[in-house]
Amino acid sequence: MEDKAFSSIDLVGQCLTDSKRTEAFRNAIKSMVKPRHTVLDVGTGSGIMSLFAAEAGAKQIFALEHDNYVAEIAKINFSKNGFNKKIKLLKGDARNFKYQRNIHFDVVIMEMLTTGMVDEFQIQAVNNLHDKGVVNKNTIFIPQAQKTYISLAETNFNLYGFEIKMVQYLWEGFPGRHRCKIVSDKKLLHEVYFSLPKDESFVQIIDFKSNKSTMVNSIFLSSVTILTDNFKIGDTLSLNGPVVFPIKPFKIKKNQSVKFRISYRFGGGFKNLSVILIK
Ligand SMILES: C[S@@+](CC[C@H](N)C(=O)[O-])C[C@H]1O[C@@H](n2cnc3c(N)ncnc32)[C@H](O)[C@@H]1O
């Protein structure tokens, strides 16, 4: 992804119809949003999260979307469902949006998530809220956090008789999932809480221990989204898709330990993911 605000109507529709993900958010919103709350829905897409907040009885809801076409769809959806007064549509980029003076959000719903937040600007959008002073320590974030895990993997990149070495999302039910074999222990790469501002770049040194003698040629990333203290969600058809990312191949023996330096800028895309074998 280029360094511009993300837009995909295809993904918006995929998210909407992904009932495992969407119902989990609905339950989280229902459990947290109270009639006294002013709610901000960042990256509203179809507007479904704002509609859930309205259903939960929120006092006022602001729905922010940067893509004009998507924003118009959300606006129609608010109106068709009788919430055009309760839900106010805001158009702009969440990374630098100037919120109205003196507003305070009791609840922020933000689903601009990708696995490890490599590909979307959730961190920058969260940081902007903290910078602009429109959230405080009492603001409830839905989701409240994302945890990302990493393992070494051996992946068959042969597709249709050709060697196709590229990053791949292994979505739930995807027929190619079995081509990736995890060959080490699973380590926590990072755990990001949205109630705090966060450095937009990330670096971590990780030790892995192999569970077989093999040729390692990739890493495997997976994320879990912590919606509230009581709800969390792993991979679905549109959220937290496990990712296989090719690296320079090397041989490893069973129980051998290896050390890697992993770094990237959140939202910078896989082109900026660096995975370096240290020893
Ligand atoms: C993954 S979709 C989720 C849509 C909806 N929130 C849902 O959960 O069904 C992310 C949405 O965020 C919007 N978005 C992405 N980056 C944005 C940004 N920087 N500022 C505002 N909206 C953004 C996209 O256009 C898209 O509509």
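This structure is a prediction, so every number in the text was calculated from the model and none was measured.

J.: Can you lay out the sheet that holds strand E1 (residues 38-42) for me, pointing to particular residues and giving the numbers?
T.: Taken together, the five strands give an open sheet; going across it, the order is E3-E2-E1-E4-E5, and neighbouring strands pair in parallel fashion. The sheet is open, and its two edges are formed by strand E3 (87-91) and strand E5 (140-142), each paired on a single side. Ignoring which end each strand starts from, the neighbouring axes of this sheet average 20° apart. Strands in contact with helix H4 (residues 68-80) are strand E2 (60-65) and E3; relative to E3, the strand with the most contacts, it is inclined by about 175°. Packing against the sheet, helix H5 (residues 122-132) makes contact with E1, strand E4 (107-110) and E5, and its axis sits at approximately 160° to E4.

J.: An account of the domain arrangement of the protein chain is requested, with residue identities and associated values reported.
T.: Its domain assignment divides the protein chain into domain 1 (9-142) and domain 2 (145-277). On the domain 2 side, the residues contacting the 29 residues of domain 1 number 37 residues. Both sides together, the interface formed by domain 1 and domain 2 hides about 2,800 Å², and carbon and sulfur atoms give 63% of it. The three residues of domain 1 that bury the most area against domain 2 are Thr115, Val118 and Ile123, which together make up 23% of that side's buried surface. If you look at where domain 1 meets domain 2, you find one salt bridge. The partner of Lys20 in a salt bridge is Glu172, with the nearest N and O atoms 2.7 Å apart. Sorting the residues of the side of domain 1 that touches domain 2 by element identifies helix H1 (9-17), helix H2 (19-32), H5 and E5 as the ones contributing at least two each. Element by element, the count of residues in the side of domain 1 that touches domain 2 is highest for H2, at eight residues.

J.: Tell me about the pattern of salt bridges, residues and numbers included.
T.: Using the criterion set out here, one finds 11 salt bridges in the structure. Among the salt bridges present, the one from Glu23 reaches Arg26, with a minimum N-O distance of 3.6 Å. Within this pair, Glu23 and its partner Arg26 are both found in helix H2, separated by three residues, close to a single helical turn. A cluster of three or more residues bridged by salt bridges with shared partners is formed by Glu23, Arg26 and Glu55.

J.: Explain helix H3 (residues 48-55) to me, and be specific about the residues and the numbers.
T.: Taking burial as the measure, the eight residues of H3 include seven buried ones, the bulk of the element. Taken residue by residue, H3 has Ile48, Met49, Ser50, Leu51, Phe52, Ala53 and Ala54 as its buried positions. Where H3 ends, the next residue or the one after it, Gly57, has phi of about 95°, a positive value.

J.: Account for the environment of Tyr99, with residues named and values stated.
T.: Inspection of the secondary structure assignment puts Tyr99 in the loop between E3 and E4. Spatially, the C-alpha atoms of Tyr99 and Lys132 are 7.4 Å apart, while their sequence positions differ by 33 residues. With sequence-adjacent residues up to four places away left out, Tyr99 is seen in contact with Leu40, Leu64, Phe105, Asn128, Leu129, Lys132 and Val134.

J.: Let's hear about the packing of H1 against H2: which residues, and what values?
T.: Look at H1 against H2: their axes get within 5 Å of each other, and the N-to-C directions meet at 70°. Here H1 is positioned roughly perpendicular relative to H2, judged by the angle of their axes. In this structure, H1 uses Cys15, Leu16 and Thr17 to contact H2, whose residues at the interface are Ser19, Arg21 and Thr22.

J.: Hey, could you go over the sheet that holds strand E12 (residues 201-209) for me, with residue numbers and the actual values?
T.: The antiparallel open sheet is built from three strands, whose spatial order is E12-E16-E17. If you trace the sheet from one side to the other, it starts and ends with E12 and strand E17 (274-277), each paired once. Here the average twist between neighbouring strands, direction ignored, is 20°. Of the pairings in the sheet, the one linking E12 to strand E16 (residues 257-265) comprises nine bridges and is antiparallel in character.

J.: So what's going on with H4? Which residues, and what values?
T.: Since there are 3.6 residues in each turn of an α-helix, residues three or four apart along the chain are aligned in direction. For H4, which comprises 13 residues, the first-to-last C-alpha distance of 18 Å matches the rise-based estimate of 18 Å (1.5 Å per residue) to within 8%. When H4 is considered as a whole, its buried residues turn out to be Val70, Ala71, Ala74 and Phe78. The buried residues of H4 occupy an angular sector of 100° when the element is viewed end-on, so they sit on one face. For H4, exposure combined with an orientation more than 90 degrees from the buried face picks out Tyr69 and Lys80. The inward-facing, buried residues of H4 contact H1, H3, E2 and E3. The backbone nitrogen of Tyr69 lies 3.0 Å from a side-chain oxygen of the residue at the head of H4, namely Asp67. Of the residues flanking the end of H4, it is Gly82, one or two places downstream, whose phi is positive at about 80°.

J.: Lay out the packing of aromatic side chains with the relevant residues and their values.
T.: Geometry of an aromatic ring pair is reported as the spacing of the ring centres plus the angle between the planes. Inspection of the entire model under this criterion finds 11 aromatic pairs. Seen in terms of ring centroids, Phe62 and Phe105 are 5.9 Å apart; in terms of plane orientation they differ by 70°. Their pairing is edge-to-face. One end of the pair, Phe62, is in strand E2; the other, Phe105, is in the loop between E3 and E4, with 43 residues separating them in the sequence. Members of the aromatic cluster, connected to one another through ring pairs, are Phe62, Phe97, Tyr99 and Phe105. Of note, Lys186 hangs over the ring of Tyr149, and the distance from its end group to the ring centre comes to 4.7 Å.

Procedures and definitions
Residues numbered from 1 in each chain as written. Predicted model: local features only at pLDDT ≥ 70, side-chain atom pairs only at ≥ 80, totals over all residues. Heavy atoms only, no water. Pairing = 2+ DSSP bridges. Helix = DSSP H or I, 4+ residues; strand = E, 2+ residues; numbered from the N terminus. Axes fitted to C-alpha atoms, helices over the stretch in contact; angles between N-to-C directions. Contact = heavy atoms within 4.5 Å. Domains from an automatic or database assignment. Buried area = accessible area lost by both parts, 1.4 Å probe. Salt bridge = Lys/Arg side-chain N within 4 Å of Asp/Glu carboxyl O. Buried < 20%, exposed > 50% of the residue type's maximum accessible area, 1.4 Å probe, protein only. Parallel < 35°, antiparallel > 145°, perpendicular 65-115°, else oblique. Expected span 1.5 Å × (residues − 1). Arc of directions from axis to C-beta. Polar contact = N/O pair within 3.5 Å; in protein donor to acceptor, adjacent residues only side chain to side chain. Phe/Tyr/Trp six-rings, centres within 6.5 Å; stacked < 30°, edge-to-face > 60°. Lys NZ or Arg CZ within 6 Å of the ring centre and 35° of its normal.

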